[in-house]
Amino acid sequence: MAICILYLRCRKKRPRYYRVEIAYNLFNEISVLREWGVAGGKGRARISLFANLRDASRAADGFRNRALKRGYARG
């Protein structure tokens, strides 16, 4: 459904990424997938489940805003 990818570029280190995605799963629940890590390396992921799209959207916006405050920017 909706995807937001953010990047953090550091001069001394490899660039980092943070990805937030909202999607329906097989059980008709709405999931918010978050992935983060170093470009070219093994990343991490976490999935949060929500009963409705409004709650999932609010959570995804919160995750995105938190990443933007930490210095990530849209690619």
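Before reading on, note that the structure itself is shown above.
Residues numbered from 1 in each chain as written. Predicted model: local features only at pLDDT ≥ 70, side-chain atom pairs only at ≥ 80, totals over all residues. Heavy atoms only, no water.

A. Just the overall build of the protein, in detail. Looking only at helices and strands, the protein features one helix and five strands. Along the protein, helices and strands appear, N-terminal first, in the series β-β-β-β-α-β. Each principal axis of the C-alpha distribution contributes one length, and for the protein these read about 45 × 25 × 15 Å. Looking at the protein as a whole, 29% of its 75 residues qualify as buried. Partitioning the intrachain contacts of the protein with sequence separation of at least 6 by distance along the chain shows that 34% fall at a separation of at least 24. Of the side chains in the protein, 18 bear a positive and 5 a negative charge, and the two mean positions are spaced by 14 Å. (Helix = DSSP H or I, 4+ residues; strand = E, 2+ residues; numbered from the N terminus. Buried < 20%, exposed > 50% of the residue type's maximum accessible area, 1.4 Å probe, protein only. Contact = heavy atoms within 4.5 Å. Lys, Arg positive; Asp, Glu negative; His and termini not counted. Charge placed at Lys NZ, Arg CZ, Asp CG, Glu CD.)

B. Molecular detail of the side chain of glutamate 21. Within the secondary structure, glutamate 21 sits in strand β2 (residues 16-24). Side chain to side chain, glutamate 21 and arginine 19 meet in a polar contact 2.4 Å long. (Polar contact = N/O pair within 3.5 Å; in protein donor to acceptor, adjacent residues only side chain to side chain.)

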